[in-house]
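# Results of the structural survey
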Amino acid sequence: ARDNGGGAGGRSGALGPAPVAEVIQKIDVNPPKGTRDFSPDEMRLRNWLFHNFREVSRLFGFEEVDFPVLESEALFVRKAGEEIKDQLYCFEDRGNRRVALRPELTPSLARLVIQKGKSLSLPVKWFAIGQCWRYERMTRGRRREHYQWNMDIIGVPDVMAEAELISSIVTFFKRIGITASDVGFKVSSRKVLQEVLSRYSIREDLFGKVCIIIDKIEKIPLNDIKEELKAAGVSTEAVEQLLQVLSIKSLTELEEILGDAGEAVVELKQLFSLAEKFGYSEWIQFDASIVRGLAYYTGIVFEGFDRDGKLRAICGGGRYDRLLSTFGGDDIPACGFGFGDAVIVELLKEKGRLPALSLQVDNIVCALDHDLQGPAATVATILREKGQTVDLVLENKPLKWVFKRAARINAERLILVGSAEWQRGMVGVKILSSGEQHEIKLDELE
Ligand SMILES: Nc1ccc(Br)nc1
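All of the points below concern the structure found in this document. None of the values given here were measured: they were computed from a predicted structure.

### Some thoughts on the overall build of the protein
Scanning the protein for helices and strands turns up 15 helices and 16 strands. For the protein, whose C-alpha radius of gyration is 29 Å, the value lies well above the compact-globule estimate of 22 Å for 446 residues. Viewed in the frame of its principal axes, the protein has a C-alpha envelope of about 95 × 55 × 45 Å. Burial statistics for the protein: of 446 residues in total, 48% are counted as buried. In the protein, 67% of the contacts between residues at least 6 apart in sequence involve partners at least 24 apart.

Shown next as structure tokens:
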């Protein structure tokens, strides 16, 4: 006694058609410009990615933290001319406070470390996965939001911390099937720049601005870089020397220019030696042109890149020993990285290595007629309490519809609740892969 099953959403029967609410205006069903919805397929991929972020963080003994997406604008106001500042998604709230959607997680993490103060025992090893925003003029059609995985070590001045962080990213890449043939890390230190600039007695406060200009070296013409450096107060001679040093691709060559006693060379040699011990030497290379685009880095910096050179940086990070003190906190050393959720997916697509993820349920439970919906609910609950996943058919549907749905949701078993069987305390079971079917006592269901 099955009705025609009605269409999805359509209510037919004694009450007549459902009253349609007054259509006020046809809304735009797309998300705001530069933002994404995550439908089930995309959400499965995102959850798979985040699961691997979390598993690696757990393997490395890091604790998860989180912060508001909305922060005080003051947290991100830096004067070094960073793109992240120019694209700040900021506004004045109803309490006339200047606020911003966070463009990155590190300042929030620094804020929380300072807030916790002496109650924290160092080193702090925290990770976070959070949505970050930028207000990008849509002329370039780029995204305005992405999710970032961040790992930070607070309170360890030694290069061992950077080596540990790079190891965690290598571990992540290996987990998702990316190898050293696919990606690598370009590693340098801002102390390289510092040591060159100090030879030309460039003012300390110019350092951040010079780094931001240098970070654009691959993105804008070299002459523009030179002009911007000179406009920032760097002499022509210093500019030429700077660009010459930035083209160095070997530590040996760097040593020839800077000597072997400066912190830049000493720390980089330590890092490459530790890479041997961690077992990821084949993943990293020295590249003096790497400065990263955030003003607060003070030492080692690194970025993950795809060896085919088709994509933007996959991840990046470095040491930021001054950030906490610039926020009024103690002078605590820190380093960390950010790993976005978009470029890595582009890389996996490029490599044809996206994971095959689909909905799968153990059981689809169906009442064979309407007055058996109650017993079907009982069966579903019994199975769920045993940890089985159940898709319970919620309406009176023809079996043809049930089989179609079972195939779509990759159900392993079809549990049929029929009147005669139910009277005998039994239900019907059909193994959908083999077609084999049998009856089973309710209390033997598992
Ligand atoms: N910082 C930032 C935020 C959002 C996106 Br999309 N890219 C970079």
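### Considering the sheet that holds strand β4 (residues 98-101)
With respect to topology, 3 strands assemble into an open sheet ordered β2-β4-β3, the strand pairing being antiparallel. The sheet terminates laterally at β2 (70-72) and β3 (89-92), the two strands that pair on one side only. Across the sheet, the mean angle separating the axes of adjacent strands is 35° when strand polarity is ignored.

### What about the site of the ligand?
Taken together, Ile84, Pro103, Cys132, Trp133, Arg134, Arg143, Arg144, Glu145 and His146 make up all the residues around the ligand. In the model, a nitrogen atom of the ligand is placed 2.8 Å from a nitrogen or oxygen of the proline 103 main chain. The separation between a nitrogen atom of the ligand and a polar side-chain atom of arginine 134 is 3.4 Å. Calculation on the ligand without its partners gives an accessible area of 260 Å², and the protein chains cover 88% of this total. Mapped onto the shell around the ligand, the elements with two or more residues apiece are β5 (124-133) and β6 (145-154). Residue classes in the shell around the ligand are distributed as 4 nonpolar, 1 polar and 4 charged.

### Thoughts on the sheet that holds strand β10 (residues 315-319)
What the 8 strands build is an open sheet, ordered β1-β5-β6-β11-β10-β9-β7-β8; its pairing is mixed. Each of the sheet's edge strands pairs with one partner strand only, and the pair in question is β1 (63-64) and β8 (284-286). Judged from the 7 bridges that link them, strand β7 (residues 183-189) and strand β9 (residues 300-306) form a sheet pairing that is antiparallel. For serine 189, the partnering residue across the bridge sits in β9 and is isoleucine 300. Sheet contacts for helix α4 (residues 160-175): β6, β7, β8, β9, β10 and β11 (334-340); angle to β11, the most-contacted strand, approximately 20°.

### Digging into helix α13 (residues 373-385)
Spanning 13 residues, α13 covers 18 Å between terminal C-alpha atoms, matching the ideal 18 Å at 1.5 Å per step. Buried residues of α13: Pro375, Ala376, Val379, Ala380 and Leu383, and no others. With its buried residues spanning 145° around the axis, α13 presents them on a single face. Lining the buried residues of α13 we find β12 (361-367), β13 (390-392), β14 (411-417), α15 (419-423) and β15 (426-431). Glycine 387 lies just past α13 and shows a positive phi near 85°.

### Side note on the packing of helix α5 (residues 190-199) against helix α6 (residues 207-214)
Running from amino to carboxyl end, α5 crosses α6 at an angle of 115°, the nearest separation of the two axes being 11 Å. α6 is crossed by α5, and the crossing has right-handed handedness. For the pair α5 and α6, the contacting residues are Arg190, Leu193, Gln194 and Leu197 in the first and Phe207, Val210, Cys211 and Ile214 in the second. For the contact of α5 with α6, a count of residues per class yields 6 nonpolar, 1 polar and 1 charged.

### Remarks on helix α8 (residues 236-246)
Buried within α8 are the following residues: Ala238, Val239, Leu242, Leu243, Val245 and Leu246. On an axial view of α8, the arc spanned by its buried residues comes to 160°, and they lie on one face. Where α8 is buried, its residues meet α5, α6, α7 (222-231) and α9 (251-258).

Cut-offs applied
Residues numbered from 1 in each chain as written. Predicted model: local features only at pLDDT ≥ 70, side-chain atom pairs only at ≥ 80, totals over all residues. Heavy atoms only, no water. Helix = DSSP H or I, 4+ residues; strand = E, 2+ residues; numbered from the N terminus. Rg over C-alpha atoms; globule rule 2.2 N^0.38 Å. Buried < 20%, exposed > 50% of the residue type's maximum accessible area, 1.4 Å probe, protein only. Contact = heavy atoms within 4.5 Å. Pairing = 2+ DSSP bridges. Axes fitted to C-alpha atoms, helices over the stretch in contact; angles between N-to-C directions. Near = heavy atom within 4 Å. Polar contact = N/O pair within 3.5 Å; in protein donor to acceptor, adjacent residues only side chain to side chain. Areas by Shrake-Rupley, 256 points an atom, 1.4 Å probe, with all protein chains shown as cover. Nonpolar A, V, L, I, M, F, W, Y, C, P; charged D, E, K, R; others polar. Expected span 1.5 Å × (residues − 1). Arc of directions from axis to C-beta. Left-handed = near helix turned anticlockwise from the far one by under 90°.

Coordinates in, geometry out; function isn't part of it.
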